Amino acid sequence: QVQLVESGGGLVQAGGSLRLSCAASGNILNINVVEWYRQAPEKPRELVARIYSEGSTSYADSVKGRFTISRDNAKDTAYLQMNSLEPEDTGVYYCHVDLITWSRRPEEYWGQGTQVTVSS
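It should be emphasised that the depicted structure is a prediction, and the values quoted were computed from it without experimental measurement.

1. Details of the packing of aromatic side chains
Inspection of the entire model under this criterion finds 2 aromatic pairs. Taken together, a centroid distance of 5.2 Å and an interplanar angle of 55° make the contact between Y37 and W110 tilted. One end of the pair, Y37, is in strand 4 (residues 28–39); the other, W110, is in strand 10 (residues 106–110), with 73 residues separating them in the sequence. On the basis of relative accessible area, Y37 is assigned to the buried category, the value being 16%. Between Y94 and W110 the ring centres are 6.5 Å apart and the planes differ by 85°, which places this aromatic pair in the edge-to-face class.

Quick look at the structure:
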């Protein structure tokens, strides 16, 4: 069994910064893809950023130039650095991971979510 633990959310004023962390633990052989999603009340869940095993990344247009996704394979941890935050960035942020276990079984996991609130 694998667990994802998210941290780093909080309340900031517009223009501020936060860094979210997503730490995976368990019988992990390799993490293939890490994604960050966000969801505002009564809104659909939105893909914010994605990072592949080779290090390539992709971002939603709304966060390009402001957010950076990264990963530390030695720590089985991924990050989302969020700069120049706007009230529209408010929501619950979820980490989603596609990985391979020690038994070479592909599995996916979701983090518990962390609240990000940006005030004006």
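2. Concerning the pattern of salt bridges
Going through the model one piece at a time under the given rule, you end up with 7 salt bridges. Note that R50 is salt-bridged to E35, the shortest N-O span being 2.8 Å. With R50 in strand 5 (residues 46–52) and E35 in strand 4, this residue pair connects regions lying 15 residues apart in the sequence. Since its relative accessible area comes to 21%, R50 is described here as partly exposed.

3. Topic: the environment of V118
Its location among the elements puts V118 in strand 11 (residues 114–119). Residue classification places V118 among the buried residues on the basis of a relative accessible area of 6%. With 31 residues separating them along the chain, V118 and P87 place their C-alpha atoms 4.7 Å apart. V118 has contacts with V12, Q13, A14, L85, E86, P87, D89 and T90, leaving out every residue within four places of it along the chain.

4. So, the state of the cysteines
Using the criterion set out here, one finds 1 disulfide in the structure. A sulfur-sulfur distance of 2.1 Å marks the disulfide that ties C22 to C95. With the S-S dihedral at roughly -80°, the linkage between C22 and C95 falls on the left-handed side. In this pair, C22 sits in strand 3 (residues 18–26) while C95 sits in strand 9 (residues 91–101), placing the two residues 73 residues apart along the sequence.

5. Remarks on the nonpolar core
Counting residues in hydrophobic clusters, the biggest one holds 29 residues, and the most contacted among them are W36, F67, L80, M82, Y93 and V97. Elements supplying a minimum of two residues to this core: strand 1 (2–7), strand 3, strand 4, strand 5, strand 7 (67–72), strand 8 (77–82), strand 9 and strand 11. Apart from residues no more than four positions distant in its own chain, F67 is found in contact with R38, V48, Y59, L80, Q81, M82, N83, L85, D89 and Y93.

6. What to know about the pairing of strand 11
Burial along strand 11 is one-sided: T114, V116 and V118 are buried, and none of Q115, T117 and S119, which face the opposite way, are. In terms of strand pairing, strand 2 (residues 10–13) meets strand 11 through 4 bridges, oriented parallel. Bridge pairing in strand 11 links G10 to V116. Alignment of strand 9 against strand 11, held across 3 bridges, turns out to be antiparallel. Residue pairing across strands places G91 opposite V116, the latter belonging to strand 11.

What counts and what doesn't
- Residues numbered from 1 in each chain as written.
- Predicted model: local features only at pLDDT ≥ 70, side-chain atom pairs only at ≥ 80, totals over all residues.
- Heavy atoms only, no water.
- Phe/Tyr/Trp six-rings, centres within 6.5 Å; stacked < 30°, edge-to-face > 60°.
- Helix = DSSP H or I, 4+ residues; strand = E, 2+ residues; numbered from the N terminus.
- Buried < 20%, exposed > 50% of the residue type's maximum accessible area, 1.4 Å probe, protein only.
- Salt bridge = Lys/Arg side-chain N within 4 Å of Asp/Glu carboxyl O.
- Contact = heavy atoms within 4.5 Å.
- Disulfide = S-S within 2.5 Å.
- Core = buried A, V, L, I, M, F, W, Y, C linked by side-chain atoms within 4.5 Å.
- Pairing = 2+ DSSP bridges.

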